[in-house]
Amino acid sequence: MQPLFHVAYNVNDLDEARAFYGGVLGCKEGRSTETWVDFDFFGHQISLHLGTPFKTEATGKVGEHMVLMPHLGLVFDMPQWKEIAKKLEKADIKFVLPPQIRFEGEAGEQSTMFFCDPSGNPIEFKGFVNTEDTFEK
């Protein structure tokens, strides 16, 4: 079995989180209580707990951009990334960094987009033509 990634972080409102992660992103809801909810985040587990979200700052210099740190992210193959980008654009998601190609023509060329959940937690989705290039130097 390929290990699954688990991450837990705070959100301001579980109903907003359910609408975003379940409704917009299409993640299947798992177990929950009055203070937390789990989601199948594209094959990985996220646990969203009521509380103060972590502080973020645009301190990560990547190419020409300063990106929010810390952030959560996933790497997709290109067809799935394009599908998700269209879905988010259709849902009128406010992008921190709209869907675009980064490092074009270089090792590690990728499509990327940054957006935040309703609590301000930053998320990056990357797309690679060949996901084996994820670790290319």
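Caption draft 1: Region of the structure containing the nonpolar core. With 27 residues, the main nonpolar core has Tyr21, Leu25, Phe41, Leu48, Met113, Phe115 and Phe125 as its most contacted residues. Only strand S1 (6–11), helix H1 (14–24), strand S3 (36–40), strand S4 (45–50), strand S7 (72–77), helix H2 (78–90), strand S9 (110–116) and strand S10 (122–128) provide two or more residues apiece to this core. No other element matches H2, which puts five residues into this core. In this structure Met113 touches Trp81, Ile84, Ala85, Leu88, Phe95, Leu97, Pro98, Pro99, Ile123, Glu124 and Phe125, once residues within four positions along its chain are discounted.

Caption draft 2: Broad picture of the environment of Lys86. Relative to the elements of secondary structure, Lys86 occurs in helix H2. Accessibility expressed as a relative area gives 61% for Lys86, which makes it exposed. Counting along the chain gives 13 residues from Lys86 to Pro99, while the straight-line C-alpha distance between them is 9.2 Å.

Conventions we followed
- Residues numbered from 1 in each chain as written.
- Predicted model: local features only at pLDDT ≥ 70, side-chain atom pairs only at ≥ 80, totals over all residues.
- Heavy atoms only, no water.
- Core = buried A, V, L, I, M, F, W, Y, C linked by side-chain atoms within 4.5 Å.
- Buried < 20%, exposed > 50% of the residue type's maximum accessible area, 1.4 Å probe, protein only.
- Helix = DSSP H or I, 4+ residues; strand = E, 2+ residues; numbered from the N terminus.
- Contact = heavy atoms within 4.5 Å.

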